[in-house]
Amino acid sequence: MTVISAVFVAALFASAGPERETQPPAPGQRSFVSAQAYTHYMKGRIRELSGDLRGALDEYRLAVVHDALSPYLHLVISNVQARLLNLKGAISQAEAAAEIDPTYVDAHLQLGFLFRILGEFDAAEKAFQRAIRADPKRMEGYAEYSRVLLRQKKEKDAEAVFQMMMANLPDNPIGYYETGRIFYEKRILEKAVHYLGKALEKDPSHAGAAFTLASAYDVLGRPRDAAKVLEALQHFVSDDPELPLALGRLALKAGDETVAEQYFEHVRRFAWSEVDTRVKIAMAYLDEYRFSQALREMDDLYRQFPDKDAVLYFKGRVHEGAREHKKALEIYAKLPKTSDFYMDALVHGGYCLVKIGEHRKAIVVLKPYAQTVDNPASLAFHVLSLAWSEAEDKSEGIAFFETLSKAHPDWIEITEALSSLFDKVGRFDEAREVLERAATRPEIPRDDLERLLMALAMLYERAGRTEKGLEFARKVLDSNPDSPEALNFVGYTWAEQGKNLKEAEEMIRRALLYKHESGYVTDSLGWVLFQQGRYDQALDVLRRADRMAPEEPEILEHLAECLLKLRNGKGAAESFRKALKHKPEPRVRARILKRLGELEASR
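Please read these numbers as outputs of a predicted model, since none were measured by experiment.

A short note on the confidence of the model for the chain
Thinking step 1. Of the residues in the chain, 94% have a pLDDT of 70 or more, and the chain-wide mean is 90.
Thinking step 2. Note that residues 1–20 has pLDDT below 50 and, in this model, 37 contacts with residues that lie over four places away or in other chains.
Thinking step 3. Contacts of residues 26–30 to residues separated by more than four positions or lying in other chains number five contacts, the stretch itself having pLDDT below 50.

Following this line, the structure appears as structure tokens:
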């Protein structure tokens, strides 16, 4: 499990969630009292929609000058302040909205969200309690209150809130669905299955409950049970192409390729365009590491639509996923600069350049992009960091990220990249100071703090100070016992040390509930099974990890060690040599060379 690769892959496929938006006053509620207030409000909306948050904030503040008693306007300002990471200002405005109108549920919900982000759970609980009192029939208060309780492992209290919700919304499948969905989010999957099943008993056509229940079964490693749930939904939903597409994916997971293709043929008959349909099917194959089938879909499309932007981009993604980086680069290069896919292709192309050893080219391509685009994809910073970490002149990269960090002190990706480069050149103290300085930033969101603490844990681990690294990971678990990164770090570290193996396995399995598609966490499970002497089980898991994250040297090393225990010296030597081809870290390389030497000497 290498840290840089794990972080990179997480960034590679991450997507931002939807932003919370305050709704305009409903009919019958107090609206704007003056034309001036409304005019400034509309100007603010235009600026906000165009991405000019600071300009929007100025207009909204002018609107409040003309209508100081509008709780809606105060809440609009609170939302913009939150997006600008001024959480103190956001809380102040939400409190003003709630004080003007104590029955304004959105104001209490906003306060609850903000306090939760800051990790002030007691204040968040009180805010959500006020939301429930303001409107006992509104579900968001119950749902968010329960999330805060579950975050603190107050499972019984959360269930009491769920019961209250269902008492106020009797015979409503939505209550059961929300309850099951929250348990699913917290990966308390047995209870998620129970409540989602109840929702479907009350309304068998509830698509949200069916898809979430299917996802729960999928995480539990029960793709056939997941398929049964969605097959039942087909009786009520016959015109949604996402349904046979999901069933096809599940059939692939269960190893039923013939059944999967039957579902995909059903998808092809729906009203999506041919391009959209074939792309979705190709990505389904890619997600399950069926590279030849994914390439077949995209090659067919490419022959029909060689100049279509979406075809070029996703064909590049499939080649990239199949580790055909030169072919991916050729395809990405065909996208015009006017394409909506151009920027994403630029960043993915930079990654492909790194993978084929063209580090300087990757830097030349991505450096202007990271400097000039208003909001570059976070992946660009990771790729640049990887490129400079392999380049001869790492000081250029350090200077670049130092300048960017001063301009954007709140961008965690820049902080991580700068720290990583300091670490690469042996400047441990500076790498540590960069992370610690960011972690002590005022009003840092809880998720950002956890991410920085985990970066510190990994930094100390790479420096050979494992116990110090464990201290930081435990700090994360103290505030968020469900952090998959911290659970995996502690569990894997213990597996490496050969201690607390039962607890280590439990922690890694818990992490897998959140990261069940991660090759790195899967590798951790394989390694802890290996350390317990369960070699046959370990081999199956490590082979799965290798499929999920091919070319990862440490996974290949673990696979080789397991093959050795099972007396497959030829297979072990092949895995060791394959690992060496993919530039392992110095300490991993040294271990592999030693083991290969021992193997050859024993022949």
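Moving on, there is more to tell.
Comments concerning unusual backbone geometry
Thinking step 1. With a phi angle near 55 degrees, R187 is a residue other than glycine that sits in the positive phi range.
Thinking step 2. According to the relative accessible area criterion, R187 is buried, its value standing at 11%.
Thinking step 3. The phi torsion at Y289 lies on the positive side, around 65 degrees, for a residue other than glycine.
Thinking step 4. Take Y289: it is sitting in the loop between α16 (274–287) and α17 (291–304).
Thinking step 5. Overall, Y289 belongs to the partly exposed group, its relative accessible area being 24%.

Concerning the pattern of salt bridges
Thinking step 1. Overall, the coordinates contain 55 salt bridges when judged by the stated rule.
Thinking step 2. A salt bridge links E471 to K468; the shortest N-O distance between them is 3.6 Å. Separated by three residues within a single helix, E471 and K468 lie in helix α27 (residues 466–479), roughly one turn from each other.
Thinking step 3. One connected set of salt bridges, linked through shared partners, spans E261, E265, R268, E274, R278, R296, E297, D300 and R303.

Considerations on the nonpolar core
Thinking step 1. Grouped together as the largest cluster of nonpolar side chains are 121 residues, with contacts concentrated most on F264, M298, L384, W388, F401 and M454.
Thinking step 2. With 10 residues, helix α26 (residues 446–462) is the largest single contributor of residues to this core.
Thinking step 3. Excluding residues within four positions of it along the chain, M454 makes contact with A473, V476, E485, A486 and F489.
Thinking step 4. In this structure, L57, A192, L213 and Y263 belong to the second largest nonpolar core, which totals 80 residues.

Quick word on helix α21 (residues 359–372)
Thinking step 1. In this model α21 runs 20 Å from its N-terminal to its C-terminal C-alpha over 14 residues, within 8% of the 20 Å that 1.5 Å per residue would give.
Thinking step 2. Within α21, the full set of buried residues consists of H359, A362, I363, L366, Y369 and A370.
Thinking step 3. Its buried side turned inward, α21 meets α20 (342–355), α22 (378–390) and α23 (394–407).

Brief notes about the packing of α16 against helix α18 (residues 309–321)
Thinking step 1. One way to put it is that α16 packs onto α18 with a least axis distance of 11 Å and a crossing angle of 10 degrees. The pairing of α16 with α18 is recorded here as roughly parallel in orientation. On the side of α16, the interface is formed by V275, V279, M283 and L286, while α18 contributes A310, V311, F314, R317, V318 and G321.
Thinking step 2. Within the contact of α16 with α18, the residues separate by chemical class into eight nonpolar, one polar and one charged.

Rules behind the numbers
- All residue numbers here refer to positions counted from 1 along the written sequence of the relevant chain.
- Note on the predicted model: pLDDT of at least 70 is required for a residue's local features to be given, and 80 or more for side-chain atom pairs to be given and counted; whole-chain, interface and lining totals, by contrast, use all residues.
- Side-chain calculation: all heavy atoms of the structure are included, whereas hydrogens and water are not.
- Residue-level confidence of the predictor, termed pLDDT, takes values from 0 up to 100.
- Contact definition: two residues touch when any of their heavy atoms are within 4.5 Å.
- Whether a residue is buried, partly exposed or exposed follows from its accessible area with a 1.4 Å probe, protein chains only, as a fraction of its type maximum: under 20%, in between, or over 50%, in that order.
- Helix and strand assignments come from DSSP, with helices taken as H or I runs of at least 4 residues and strands as E runs of at least 2, each series counted from the N terminus.
- A pairing counts as a salt bridge when a side-chain nitrogen of Lys or Arg comes within 4 Å of a carboxyl oxygen of Asp or Glu.
- For this analysis, a nonpolar core means a set of buried residues of the types Ala, Val, Leu, Ile, Met, Phe, Trp, Tyr and Cys, connected via side-chain atoms within 4.5 Å.
- By this rule the span expected of a helix is its residue count minus one, scaled by 1.5 Å.
- The axes are straight lines fitted to the C-alpha atoms, using for helices just the contacting stretch, and the angles between their N-to-C directions are given from 0 to 180°.
- Here the angle decides the label: under 35 degrees means roughly parallel, over 145 means roughly antiparallel, 65 to 115 means roughly perpendicular, and every other value means oblique.
- Residues were grouped as follows: Ala, Val, Leu, Ile, Met, Phe, Trp, Tyr, Cys and Pro as nonpolar; Asp, Glu, Lys and Arg as charged; and all remaining residues, including Gly, as polar.

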